[in-house]
Amino acid sequence: MIAENIAALRKSRHLSQEKMADLFGVSRQAIQKWESGAALPEVGKLIDMAKMFGVSLDSLLCGSAATTDEIRFEKRIEPSYHALEDWETYSCLLETEFTQCMEEGRDVQHLHGLLSEISKLPNGKYKEAFADTAFSLLMHAPQRKGYAYYEPSDYEEIRRISRHSPAAAVKKDAALADKIKGAWLGRVCGCLLGKPVEGMRLNELVPFLKETGNYPMHRYIHASDLTDELCAKYTFELKGKCYPDVIPHAPSDDDTNYLVMANLLVRQAGRAFTPTDVSKAWLALQSKNAYFTAERIAYRNFMNGFLPPESAWYKNPYREWIGAQIRGDYFGYINPGNPEAAAEMAFRDASISHVKNGIYGEMFVAAMLAKAAVCSDMEEIIRTGLSEIPGSSRLFEQVSRVLEAYLAGASFEETLQTCLYCRYDDQNGHHWCHTISNALIVTAALLYGGGNFGKTVCLAVQSGFDTDCNGATAGSVLGMVIGGAAIPPEWARPVNGLLDSTIFGVETVSLDDMAESTLSHIPE
């Protein structure tokens, strides 16, 4: 298409290939290659060509090459591109987008050079225009032949190809109330354990834990562990974090904010809430700065009129990252014994910001929690979570490998090495924050923790990657199994029964009150 458009533009201006070459400072052979499709012009030449012939970049690259008034190149009011965050600007995320597309099985390898060239451009309108066109090309790319996975993002299709687990009757009694309290408390404690080192890579995390006498981990990290000399050894900023020995109760965190938000969502919209209800709650209950990666992009999409499910994939290269996986707990809490119902609610929530394995991660966790309310066998809990997601997915395949390694007698370290570290590099941001890499850590921690709360959350955190998210999810699942009364006081004490949030009008909540409210959302 580009080759045909270049040739058509040249001919419409009655230019020879030699004259065209003179205009753009290249050889006649270069023009021949452009028009035959043997080579692509450099990005700068494409910009010059669009200016010269008065056409839009979009039409030059993939549409009609006829002159249009769609884009003019005179002075315009424009954003201050330097003021935009790179991590939420699509044109700065094309390498991540390429990786995501490759993992999804899109046939985009031939576009990598173009994406790399666009990424090198200075931030500005031309880079944005090229990125818009790149997005269109990527989203219309066909599936690669021989791709091994089938990963729908439509609920009915997900449901059709998943196995499902039967529902079990549950009494709303004191035992269930304690389990709900344990899930809330377990999530908050696990999050607090991992929060001070969130973002610390393994090459520093493990030496730091060893130097503070906390490896293998067996306790919270304390502010009293830190000295100026120790902190100076690490590039990760250790000072000024939320350490249990210097805070009055649990601080706010996106991992726990979503619990509070889900409780409000069900209060306001009921159990039949829709994805649109979730998007409206996001806009009404927190500022943009409370959201990250996929959630931040989705939030901006809502503001710009993109509704679910389009809000999940429009210019969202984070669409399979961990964000949804940390949001599914509440839907497991309010569907005890009914993993299919929990997973369906989780789908409604996840589909506003994620696709494919990003969605499956939330469904997996919600289903595990629903099962954990009626079962103490961790292997069965994990298999139940898997039963609600497609067996043809990457998440199913890789979590199953962790389970197989555990059952084969591999050690925790061996399992992580063969199932996680050989595939995912925590120095790579995409790997560090992906749904699958972190789900593998949670799965391994739950299996090898042996029902011991402290050991489970410590394994989840010391393994690196998204430490607070993984500690929170593992703590939530095991907390549901054992109940709040069984969580040891050394873990519960720093929380002091209270949790801060950034939810508008909420601020600090009592975990007892939240557990009681959660119980009221469980049908009789």
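Keep in mind that this is a model prediction, so the values were computed, not measured.

> How should I be thinking about helix α21 (residues 394-407) in this particular structure?
A turn of α-helix holds 3.6 residues, and therefore any two residues three or four places apart point the same way. Relative to the 20 Å expected for 14 residues at 1.5 Å per residue, α21 spans 20 Å between its end C-alpha atoms, a close match to the ideal helical length. R394, L395, F396, Q398, V399, S400, V402, L403 and A405 are the residues of α21 that are buried. Contacts from the buried residues of α21 go to α6 (94-103), α19 (356-372), α20 (378-387), α22 (412-421) and α24 (435-448).

> Any chance you could explain the environment of F130 here in plain terms?
The topology assignment puts F130 in helix α8 (residues 125-139). Between the alpha carbons of F130 and E157 there is a distance of 34 Å; along the sequence they are 27 residues apart. Setting aside chain neighbours within four positions, we find F130 in contact with V43, L46, I47, L57, L61, I118 and L121.

> So what exactly am I meant to see when it comes to the pattern of salt bridges here?
Two side chains that carry opposite charge are able to pair once their charged atoms sit near each other. In total, this model carries 30 salt bridges according to the counting rule given. Here E295 ties to R327 by a salt bridge, and the two come within 2.5 Å at their closest N and O atoms. Taken together, the residues E295 in helix α15 (residues 293-303) and R327 in the loop between α16 (310-313) and α17 (329-333) connect sequence positions 32 residues apart. With relative accessibility at 3%, the residue E295 sits in the buried group.

> What should I look at first to understand the packing of helix α1 (residues 2-12) against helix α3 (residues 28-36) in this one?
If you want to describe how two helices pack, look at the angle between their axes and the distance between the axes. Where α1 meets α3, the axes come as close as 6 Å, and the angle between the chain directions of the two elements is 125°. Taken as axis vectors, α1 and α3 run oblique relative to one another. Mapping the contact onto sequence places A3, I6, A7 and R10 in α1 and I31, W34, E35 and S36 in α3. Of the residues contributing to the contact of α1 with α3, the split by class is five nonpolar, one polar and two charged.

Criteria and thresholds
- Residues numbered from 1 in each chain as written.
- Predicted model: local features only at pLDDT ≥ 70, side-chain atom pairs only at ≥ 80, totals over all residues.
- Heavy atoms only, no water.
- Helix = DSSP H or I, 4+ residues; strand = E, 2+ residues; numbered from the N terminus.
- Expected span 1.5 Å × (residues − 1).
- Buried < 20%, exposed > 50% of the residue type's maximum accessible area, 1.4 Å probe, protein only.
- Contact = heavy atoms within 4.5 Å.
- Salt bridge = Lys/Arg side-chain N within 4 Å of Asp/Glu carboxyl O.
- Axes fitted to C-alpha atoms, helices over the stretch in contact; angles between N-to-C directions.
- Parallel < 35°, antiparallel > 145°, perpendicular 65-115°, else oblique.
- Nonpolar A, V, L, I, M, F, W, Y, C, P; charged D, E, K, R; others polar.

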